[in-house]
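For reference, the chains in residue letters:
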Amino acid sequence: MDIQATTIPSDDASGPGVAGPEPPPDEGVQRCLQLLSDAGLRPTRQRLALGQLLFLRGHRHVTAEGLYEEALAANAYLSLATVYNTLNQFTEAGLLRRIAADGIKSFFDTDTSVHPHFYLEGEDVLVDVADGLTFTKIPEALPGHEIARLDVIVHLRRKRR
């Protein structure tokens, strides 16, 4: 899937937007533009390209490296650092939820609601727990603090024979 060419600002202060034909933005591009605008983010070329990959394909769990590969395949030539920075900006704006599956790998979830996950160890895959979990009680926050979020990750591994 090629990312649609539109003229929008670049993240580089010195560089112009993407040059080329400027067809009327399709519905998906419009949805991304609105999503970024509603989140208070300037719709730069990089953010729009990554937004189309992230938000127009349904609910997803992605890593920065995986999204970088998708961007290259879609002819959106961005650096891995740009992908990381954009994912962090989207997370800070509330568009994504970062899930730290283990001490090394983080996933970015397009569903920002509170929901549990399975992490398939050795396969580096994160999936939603289909039926959810029910908690009868969660601990009180420490004095002077509030619970910001609750992450539940159930680590799975293949059974040994």
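Look above for the structure.
This structure is a prediction, so every number in the text was calculated from the model and none was measured.

Asker: Can you help me understand unusual backbone geometry in this one?
Answerer: Glycine aside, negative phi is the norm for most residues, and most peptide bonds take the trans geometry. Phi is positive for asparagine 75, which is not a glycine, with a value near 60°. When you line up the elements, asparagine 75 lands in the loop between α3 (64-73) and α4 (80-92). Take asparagine 75: its relative accessible area is 41%, and that puts it in the partly exposed class. The phi dihedral of aspartate 124 is positive, around 50°, even though this residue is not glycine. Inspection of the secondary structure assignment puts aspartate 124 in the loop between β4 (117-120) and β5 (125-128).

Asker: Hey, could you run me through the sheet that holds β4 in this one?
Answerer: Remark on secondary structure: sheet strands pair via backbone hydrogen bonds, oriented parallel or antiparallel. Taken together, three strands build an open sheet; the order of strands is β5-β4-β6 and the sheet is mixed. Bordering the open sheet on either side are β5 and β6 (153-156), each of which pairs with just one other strand. Taking each pair of neighbouring strands and ignoring which way they run, the sheet shows an average axis angle of 25°.

Asker: Which parts of the structure should I look at to understand the pairing of strand β3 (residues 106-109)?
Answerer: Looking down a regular strand, the side chains alternate between one sheet face and the other. Sheet topology places strand β1 (residues 61-62) next to β3; two bridges connect them, and they run antiparallel. Bridge pairing links valine 62 to phenylalanine 108 in β3. Where strand β2 (residues 97-100) folds back on β3, the antiparallel hairpin that results is connected by five residues.

Criteria and cut-off values
- Residues numbered from 1 in each chain as written.
- Predicted model: local features only at pLDDT ≥ 70, side-chain atom pairs only at ≥ 80, totals over all residues.
- Heavy atoms only, no water.
- Helix = DSSP H or I, 4+ residues; strand = E, 2+ residues; numbered from the N terminus.
- Buried < 20%, exposed > 50% of the residue type's maximum accessible area, 1.4 Å probe, protein only.
- Pairing = 2+ DSSP bridges.
- Axes fitted to C-alpha atoms, helices over the stretch in contact; angles between N-to-C directions.

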